[in-house]
Amino acid sequence: MSPEPMPHGAWPSPISTTDVARSGLSLGFPTVLGDQLWWEEDRPAEGGRRTVVHRDAEGILHELLPAPWDARTRVHEYGGRSYAVVPGRGIVFADHADQRLYLAAAETDPWPLTPEPDRPGGLRYADLLVHESPDGPELWCVREGHHDDGAVSRSIVSLSLATASLAAAHEGRTDGIVERVSGSDFYAFPTLSPDGRHLAYICWDHPAMPWTGTELRVTRISDGHTVAIAGGTDESVLAPCWRDDRTLYFVSDRSGWWNLCQSDLLGGARRALHPAEEEFAGPLWQLGGRPYQPLGDGRIAVLHGRGDLRLGILDPAAGTLSDVEVPYTGWLPALACDGRTIAGIAYGPGLPRAVVRIAAGSGRVELLCGDIAELPDAAYLPTPRAVEITSGDGRSVHAFLYPPSGPGAAESTAAPYVVFVHGGPTGHATTELSLEKAFFTSRGIGVLDLNYGGSTGYGRAYRERLRGQWGIIDVEDAVAAARWLAAANLADPARIAIRGGSAGGWTVMAACCASDVFAGGVSIAGVSALAPLVAVTHDFESRYIDWLVGPEALYGSREPLARAGEIGCPMLLMQGLADPVVPPAQSEAFADTMSARGVPCTYLTFEGESHGFRRQETKATALAAELSFYLQIFTAMA
């Protein structure tokens, strides 16, 4: 006799909560110099501590920062690249505990380069760049100051790393820090010309965000004379890079897509190097990543595509772009290159995130470090399929479908599904291998990863859909996704849930208020009310709601807390209690309202966790709670 079919959600799976929690090293921000590489690496088993790993010329890995050192910058609260290599001397890094810059040299304990601020963590540094000047190496970076009156200021500063200056810093003297540029609310991508005479950078002011309007400027170091090269309130310009002392490359979305452009030092003779309806960059949530890198022969290693970004080689002279033949379908927008060797963080649907090195001449590909030590059998890993869904007034919406997959016996009925909603909301879902998704699909629960209107990766017009429409467009697209799953006979219409974190949590709660298509919702650090958020949120996003929603008079018609009386499905809310981006009061208020109305709601909090869970034990506990929640609501609706 054949075995009885196992119900969806109960398929036997080798992927445990611990497997998922201890994966996700969050490899990032590589640096390459000849045969040597460096990169950042999270350690979930060590409380989410971040270290810097060095792979030497012999291929031996060295952890440069033992515990308790934690290389994490909190600039903009989302951070970014936290270290820079000083050839022959070690690395400079920002430590999470006090946000000061330290020098870590071989066989010595790290020692501070920057002063101890009056307020703990009050001076922060990011986007670190080491420049070799005639007087020795210099560090250039973005500095963020938090002041007693609540104001936040930013500037670009430099610090000499010559022997005498290092000795002065070691003695506690800080006169070597020089403020180079100030006056704008935000700065990014400090980039020195090869001759060291000019500084290129990106800047913007409230209420703009870096994907709505930025400006590329060049400042002459000798006298501070500044010229605006490109950008404005309706153009997002990113990632300047010097071709030579007189010519700049940069990314601009003036065409409607983030394309690679070139301009002279005065902003004239501007041209697109390869016009295409593709993105050559991603949203600037974190500082320090470079989406392209010049090669020594005049060509450029670029990332481009829709949704996922592929690696290609662009020849500016010929205007040709050829993809590099690699087994990876996507790359993080943080390439490194020393002219001959390309390094980056790559992934694929069946390949975990990895540090990859490519020889520009031969095309030889080397995998140097993987995100997941051991993968389960491929039969338990889902294969994503790009789909387009019709929503609202007939607009097309992008998503990735992950059907249930595994050797477990399936029910004959349609599967339960979970609609994943990314955060940001100016983020995007990719096809990167995720053990979290496989944890559900291998048990018989399908996943639809939604790139709702407003997501990046599909041009400016697509992300502009959310302008003034947050809580409308994202909700309509999420509801349309659930209905599409049911209409296509992929999902049981009574067993579709929705989950998301941060801005995605807002969409989860709002969608459950606006429609009865979802059997339940999971919100992780979700935004439930706008006025309290605007009152306490961090500076980087303090005016973002102006763009997403509009004036305060509209808040009540959009926010989930004001509409909680319309919700009838169960909810699971999870929250880190040390979250500086979305304070715990947001989840707590929604949970209290649900409970007062008698609607089932579980509220789980985690001490010491910030915006996004980092600790292995937290990740495992949260995932187990999420699975239990789905099994309960799907069983009730079966």
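Our subject is the structure that appears above.
Below is a short write-up of the structure.

About the criteria used
Residues numbered from 1 in each chain as written. Predicted model: local features only at pLDDT ≥ 70, side-chain atom pairs only at ≥ 80, totals over all residues. Heavy atoms only, no water. Helix = DSSP H or I, 4+ residues; strand = E, 2+ residues; numbered from the N terminus. Rg over C-alpha atoms; globule rule 2.2 N^0.38 Å. Buried < 20%, exposed > 50% of the residue type's maximum accessible area, 1.4 Å probe, protein only. Contact = heavy atoms within 4.5 Å. Areas by Shrake-Rupley, 256 points an atom, 1.4 Å probe, with all protein chains shown as cover. Pairing = 2+ DSSP bridges. Axes fitted to C-alpha atoms, helices over the stretch in contact; angles between N-to-C directions. Salt bridge = Lys/Arg side-chain N within 4 Å of Asp/Glu carboxyl O. Polar contact = N/O pair within 3.5 Å; in protein donor to acceptor, adjacent residues only side chain to side chain. Core = buried A, V, L, I, M, F, W, Y, C linked by side-chain atoms within 4.5 Å.

### Observations regarding the overall build of the protein
Along the backbone of the protein there are 11 helices and 37 strands. The C-alpha radius of gyration computed for the protein amounts to 24 Å, which stays within 12% of the reference 26 Å derived for 638 residues, consistent with globular compactness. Its C-alpha atoms give the protein principal-axis dimensions of roughly 75 × 55 × 50 Å. Buried positions account for 59% of the 638 residues belonging to the protein. In the protein, of all internal contacts separated by at least 6 residues, the share reaching a separation of at least 24 is 58%. Accessible surface computed for the protein: about 23800 Å², of which carbon and sulfur atoms make up 50%.

### Brief notes about the sheet that holds strand β15 (residues 215-220)
With antiparallel pairing, the 4 strands of this open sheet are ordered in space as β13-β14-β15-β16. Edge positions in the sheet fall to β13 (186-192) and β16 (226-231), since each has one partner strand and no second. In this sheet, adjacent strand axes meet at a mean angle of 25° when their direction is disregarded. The pairing of β15 with β16 spans 5 bridges and is antiparallel. The partner of Leu216 across the bridge, within β16, is Ala230.

### Considering the pairing of strand β19 (residues 259-264)
The buried count for β19 comes to 5 of 6 residues, which makes it a mostly enclosed element. Alignment of strand β18 (residues 247-252) against β19, held across 6 bridges, turns out to be antiparallel. Bridge assignment links Ser252 to a residue of β19, and that residue is Asn259. Count of turn residues in the β18/β19 antiparallel hairpin: 6 residues, of which Gly256 carries a positive phi of about 105°. By the bridge criterion, 2 bridges tie β19 to strand β20 (residues 271-272) in an arrangement that is antiparallel. Bridge pairing in β20 places Cys261 opposite Ala272.

### Quick word on the pattern of salt bridges
Using the criterion set out here, one finds 43 salt bridges in the structure. A salt bridge links Glu366 to Arg364; its shortest N-O distance comes to 3.4 Å. Residue class for Arg364 comes out exposed when judged on its relative accessible area of 52%. The salt bridge involving Arg499 is made with Glu626; its shortest N-O contact spans 2.9 Å. Placement of Arg499 in strand β34 (residues 491-501) and of Glu626 in helix α11 (residues 616-637) is noted, with a sequence separation of 127 residues between them. As far as burial versus exposure is concerned, Arg499 and Glu626 are alike and both buried. Beyond isolated ion pairs, a larger network of salt bridges with shared partners links Arg74, Glu77, Arg124, Glu144, Arg154 and Asp539.

### Concerning the side chain of His304
Structurally, His304 is set in strand β22 (residues 300-304). One polar contact links His304 to Glu278, side chain to side chain, over a distance of 2.7 Å. In this structure, His304 is in contact with Glu278, Glu279, Phe280, Leu309, Arg310, Gly312, Leu321 and Asp323, ignoring residues within four places of it in sequence.

### Regarding the sheet that holds strand β30 (residues 385-391)
Taken together, 8 strands build an open sheet; the order of strands is β30-β31-β33-β32-β34-β35-β36-β37 and the sheet is mixed. The open sheet is flanked by β30 and β37 (601-606), the only strands paired with a single partner. Strand after strand, the sheet turns through a mean of 20° between neighbouring axes, direction not considered. Relative to strand β31 (residues 395-402), β30 runs antiparallel, the two being bridged by 7 bridges. Counterpart to Ile389 in the pairing with β31 is Val397. Each of β30, β31, β32 (415-421), β33 (446-451) and β34 is contacted by helix α5 (residues 473-487), which is oriented at about 115° to β30, the strand it contacts most. Seen against the sheet, helix α10 (residues 585-597) touches β36 (571-576) and β37 and runs at an angle of roughly 155° to β36.

### Some words on the nonpolar core
Grouped together as the largest cluster of nonpolar side chains are 131 residues, with contacts concentrated most on Trp470, Phe518, Met571 and Tyr630. Excluding residues that lie within four positions of it along the chain, Met571 makes contacts with Val508, Met509, Cys512, Gly521, Phe590, Met594, Pro600, Cys601, Thr602 and Phe629. Counting 17 residues, the second largest nonpolar core, distinct from the first, contains Ile313, Tyr328, Ile342 and Ala346.

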